[in-house]
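If you want the building blocks of each chain, they are given just below.
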Amino acid sequence: MTTFIRGNVGDVIAVVFIGLLLGFWTRAWWQGGVVAFVIALVMESAQLFLQTQNTARDVLLGAVFDWWDIGAYIVGALLVLIFEYALRRHPFFQPRRTT
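Given the structure is predicted, the values throughout are model-derived calculations rather than measurements.

Right, let's talk about the overall build of the protein chain for a bit. Across its full length, the protein chain holds 4 helices and 0 strands. Ordered by position from the N terminus, the helices and strands of the protein chain form the series α-α-α-α. Over its C-alpha atoms the protein chain spans a radius of gyration of 17 Å, topping by over 25% the 13 Å that the globule rule assigns to 99 residues. Expressed along its principal axes, the backbone C-alpha trace of the protein chain runs to roughly 65 × 25 × 20 Å. Here the contacts in the protein chain between residues at least 6 apart in sequence split such that 61% fall between residues at least 24 apart.

Okay, here's the thing in structure tokens:
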């Protein structure tokens with residue numbers, strides 16, 4: 001149970017954090033989630049294709065490619081997309097009409 005929480009839930013939280021952080025600087029509601037997913041996918045692909053014994057790389061990118069990580073990244077990106085879509089449709093964030 002601990003490895004599931006540490007591995008998969010941690011990956012979801014990391015993508016959500018990156019997606020929401022990027023959401024501050026994007027205009028379209030979907031860009032933060034998509035870019036966060038692409039970043040996570042590139043990092044996971046680097047684990048697959050860069051099989052070296054480099055401790056610094058292992059700390060920064062991770063050491064082992066895992067398909068479950070990609071599933072966690074998808075869940076995180078979907079959470080960002082749902083949150084950003086709902087947030088940007090909220091009346092508080094709509095432009096005010098001045099007359």
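Anyway, onward from the coordinates.
A separate point is the packing of aromatic side chains. This structure, assessed with the given rule, holds 3 aromatic pairs. Between Phe 24 and Trp 25 the ring centres are 6.4 Å apart and the planes differ by 75 degrees, which places this aromatic pair in the edge-to-face class. Taking relative accessible area as the criterion, Phe 24 reaches 66% and is therefore assigned exposed. On the basis of relative accessibility, which here comes to 67%, the residue Trp 25 falls in the exposed class. Centroid distance Phe 65 to Trp 67: 5.1 Å. Interplanar angle 85 degrees. Geometry classified as edge-to-face.

Because an α-helix packs 3.6 residues into every turn, residues spaced three or four apart end up facing the same way. When the terminal C-alpha atoms of helix α2 (residues 31-49) are compared, their 27 Å separation across 19 residues agrees well with the 27 Å that a helix rising 1.5 Å per residue should span. Of all the residues in α2, the buried ones are Gly 32, Gly 33, Ala 36, Ala 40, Glu 44, Ala 46 and Gln 47. Taken down its axis, α2 places every buried residue within 155 degrees of arc, on the same side. Pointing more than 90 degrees away from the buried face of α2 are the exposed residues Val 42 and Phe 49.

The next thing to look at is the side chain of Asp 69. Turning to its location among the elements, Asp 69 is positioned in helix α4 (residues 67-89). Every residue in contact with Asp 69, bar those within four places of it in the chain, is listed here: Asn 8, Asp 11, Glu 44 and Val 64.

It is worth spelling out the pattern of salt bridges at this point. A full pass over the atoms with the stated rule returns 1 salt bridge. Arg 88 serves as the salt-bridge partner of Glu 84, at 3.1 Å between the closest nitrogen and oxygen. In this pair, Glu 84 and Arg 88 are both assigned in helix α4, 4 residues apart and thus about one turn of the helix distant.

Moving on to the nonpolar core. With 7 residues, the main nonpolar core is built from Val 15, Ala 36, Ala 40, Phe 65, Ile 70, Tyr 73 and Ala 77. At the level of secondary structure, the elements contributing two or more residues to this core comprise α2 and α4. Residue contributions to this core peak at 3 residues, all from α4. Look past the residues within four positions of Ala 77 in its chain and what remains in contact with it is Val 15, Gly 33 and Phe 37.

What follows is about the environment of Ser 45. Considering the arrangement of structural elements, one finds Ser 45 in helix α2. A relative accessible area of 27% places Ser 45 in the partly exposed class. Sequence-wise, Ser 45 and Phe 65 are 20 residues apart; in three dimensions their C-alpha atoms are separated by 7.4 Å.

Rules used in this analysis
- Residues numbered from 1 in each chain as written.
- Predicted model: local features only at pLDDT ≥ 70, side-chain atom pairs only at ≥ 80, totals over all residues.
- Heavy atoms only, no water.
- Helix = DSSP H or I, 4+ residues; strand = E, 2+ residues; numbered from the N terminus.
- Rg over C-alpha atoms; globule rule 2.2 N^0.38 Å.
- Contact = heavy atoms within 4.5 Å.
- Phe/Tyr/Trp six-rings, centres within 6.5 Å; stacked < 30°, edge-to-face > 60°.
- Buried < 20%, exposed > 50% of the residue type's maximum accessible area, 1.4 Å probe, protein only.
- Expected span 1.5 Å × (residues − 1).
- Arc of directions from axis to C-beta.
- Salt bridge = Lys/Arg side-chain N within 4 Å of Asp/Glu carboxyl O.
- Core = buried A, V, L, I, M, F, W, Y, C linked by side-chain atoms within 4.5 Å.

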